[in-house]
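Read off the chains here:
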Amino acid sequence: MSGTTEDGREFRAGFVSFVGRPNVGKSTLTNALVGEKIAITSPKPQTTRRAIRGILHRPDGQLIIVDTPGIHRPRTLLGERLNALVEATLGDVDVIGFCVPADEKLGPGDRFINERLDDFPRAKKVAILTKTDRASNAEIFEQLTRLGALREWDAVIPLSSVAGDQLDVLADELLGLMPPSPALYEAEQTTDEDEDDRIAELIREAALEGAREELPHSLAATVDDREEREDGLLELYASIYVERDSQKGIVIGKGGSRLRDTGERARGEIEALLGRRVYLSLRVKVLKEWQRDPKSLGKLGF
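Residues numbered from 1 in each chain as written. Predicted model: local features only at pLDDT ≥ 70, side-chain atom pairs only at ≥ 80, totals over all residues. Heavy atoms only, no water.

Caption draft 1: Expanded view of helix 2 (residues 77-90). Over its 14 residues, helix 2 runs 20 Å from end to end, which matches the ideal 20 Å to within 8%, given 1.5 Å per residue. Listed as buried for helix 2 are L78, G79, L82, N83, V86, T89 and L90. All buried residues of helix 2 project into a common sector of 135° when viewed along the axis, lining one side. (Helix = DSSP H or I, 4+ residues; strand = E, 2+ residues; numbered from the N terminus. Expected span 1.5 Å × (residues − 1). Buried < 20%, exposed > 50% of the residue type's maximum accessible area, 1.4 Å probe, protein only. Arc of directions from axis to C-beta.)

Set out below in structure tokens:
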């Protein structure tokens, strides 16, 4: 791809990262823009643990969306490493999109993140009002006014990822802020995530769905082995890691019921991702205090 489009416009490509409090819709927005499930979603805080790249292809450019863990005050070594990952990512992107939900008042967490944006002077700043499908016009107007008072934004966009409202407007604005550049990824590529990593994330998402409040941060998942069967079935062997024996019982559930539910949910998502039939074997393992242990964090890919 050259530096111009067929109609003579400059082709643009660059990186955008969405930031905001937990559960403001960052991963849902990433998936909606790319048009497929790249990032797992959950109402639990710190669901995203890696910088996941989703790629939006347009005739006039390419948006590379880096979905990062949320900025937060860390309490563990894992939290410190997630924050370091966010810092490194935001230092490199062309645009930062600050996401705030339309149906909740601006709070201390929003103001904390807004202040942190000053640490990344290289990036242009866009305010994104998410979840407009949940708010009245009056609430949307009020929230836009509050957002406008925080700083001078390069653009302010209200949208709904779920309803698909204004996603094209956001994509247009973001592309306009990107530098002229040839395409950075092949036309058919929608992510640079490794397939096993995507599968492990879908397993973690399914386990999070059924987990109690005390579990989310303690859950991790890995794909340990895969085997191709002659009948075309893919056998996947995976592990779910927790930090304590008591958590293992919660994940497995009475008579293995919760683990079976997790396996069924995950298998459905994995089959949708791979477009083929899958046999999924899950084991639950205890890795003591893995969030605080450098060796364990390395084993789990952090």
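Caption draft 2: Examining helix 8 (residues 257-274) more closely. Between its terminal C-alpha atoms helix 8 stretches 26 Å, which fits the 26 Å expected from 18 residues at 1.5 Å a residue. Taken as a whole, helix 8 has its buried residues at L259, T262, G263, A266, I270 and L274. Across the axial projection of helix 8, the buried residues extend over an arc of 100°, all falling on one side. The outward face of helix 8, more than 90 degrees from its buried face, is lined by the exposed residues R260, E264 and A272. Once helix 8 finishes, G275 follows within two positions and takes phi at roughly 70°, a positive value.

Caption draft 3: Seen up close, the pairing of strand 8 (residues 234-242). Within strand 8, eight of the nine residues are buried, which leaves it mostly tucked inside the rest of the structure. In this structure, strand 7 (residues 220-228) lies alongside strand 8, joined through eight bridges in antiparallel fashion. Bridged to A221 within strand 8 is I240. Hairpin connection of strand 7 to strand 8: five residues between the antiparallel strands, including G232 at a positive phi of 90°. (Pairing = 2+ DSSP bridges.)

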